[in-house]
Amino acid sequence: MIRGTVHIETEICKGCELCIAACPQDSLALSSNINRKGYRYVELVQDNCTGCVNCALVCPDSAITVFRQSKSAVRKIVSASV
């Protein structure tokens, strides 16, 4: 399985929650903390991101960057576990 992770620019995020709704893995949630602008921001709450980029595509402020494992890294992991 391909793994991914996200980096959220918390000072840019306005907490619109579009990314939360777009995440098929339910990896994101609204933080109870607020940023300097007074918005609750989104955070990664589960380590099950697949790197699908749905969250980044729907973010109106481009506050999310998605990182995905390369296919060669996935092959190495699968080979090592066999």
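Residues numbered from 1 in each chain as written. Predicted model: local features only at pLDDT ≥ 70, side-chain atom pairs only at ≥ 80, totals over all residues. Heavy atoms only, no water.

J.: What is the right way to read the overall build of the protein chain from this model?
T.: Helices and strands together make up the secondary structure of the protein chain, namely 3 helices and 4 strands. Overall, the protein chain shows an N-to-C arrangement of helices and strands of β-α-β-β-α-β-α. Out of the 82 residues in the protein chain, the part that is buried amounts to 27%. Taking contacts inside the protein chain between residues at least 6 apart in sequence as the whole, the part at least 24 apart equals 56%. For the protein chain, the accessible area works out to roughly 5400 Å², and carbon and sulfur atoms hold 53% of it. (Helix = DSSP H or I, 4+ residues; strand = E, 2+ residues; numbered from the N terminus. Buried < 20%, exposed > 50% of the residue type's maximum accessible area, 1.4 Å probe, protein only. Contact = heavy atoms within 4.5 Å. Areas by Shrake-Rupley, 256 points an atom, 1.4 Å probe, with all protein chains shown as cover.)

J.: What exactly am I supposed to notice about the pattern of salt bridges here?
T.: Between side chains of opposite charge, pairing is possible as soon as their charged atoms come close. This structure, assessed with the given rule, holds 2 salt bridges. Here R3 makes a salt bridge to D47, at a shortest N to O gap of 2.9 Å. A residue pair is termed long-range when its members are at least 10 positions apart, and R3 in the segment before β1 (4-8) and D47 in the loop between β3 (40-44) and α2 (54-58) qualify at 44 residues. For K14, the salt bridge goes to D61, with nearest N and O atoms at 3.8 Å. In this pair, K14 sits in the loop between β1 and α1 (18-22) while D61 sits in the loop between α2 and β4 (64-68), placing the two residues 47 residues apart along the sequence. With a relative accessible area of 39%, K14 lands in the partly exposed category. (Salt bridge = Lys/Arg side-chain N within 4 Å of Asp/Glu carboxyl O.)

J.: What's the story with the nonpolar core in this structure? I'm lost.
T.: Counting residues in each nonpolar core, the largest one holds 14 residues, and the members touching the most others are V6, I8, L28, C55 and I64. Residues contacting C55, with those up to four places away along its chain left out, are V6, C19, L28, I64 and V66. (Core = buried A, V, L, I, M, F, W, Y, C linked by side-chain atoms within 4.5 Å.)

J.: What should I look at first to understand unusual backbone geometry in this one?
T.: Leaving glycine aside, a negative phi is the common case for residues, and trans is the common case for peptide bonds. You will see that D26, though not glycine, has its phi angle at about 55°, which is positive. Among the secondary structure elements, D26 is positioned in the loop between α1 and β2 (28-34). With a phi close to 50°, S62 is a non-glycine residue in the positive phi region. Inspection of the secondary structure puts S62 in the loop between α2 and β4.

J.: Mind showing me how you'd approach the environment of S31 here?
T.: Mapped onto the elements, S31 comes out in strand β2. Apart from the residues lying within four places of it in its own chain, the contact partners of S31 are R40, Y41 and E43.

J.: Is there a simple way to think about a nonpolar patch on the surface in this case?
T.: On the surface, L18, L57 and V58 cluster together into a nonpolar patch covering about 280 Å² of accessible area. Mapped onto the fold, V58 is located in helix α2. (Patch = residues over 30% accessible without salt bridge, like charges linked within 9 Å, V, L, I, M, F, W, Y side chains within 5 Å.)

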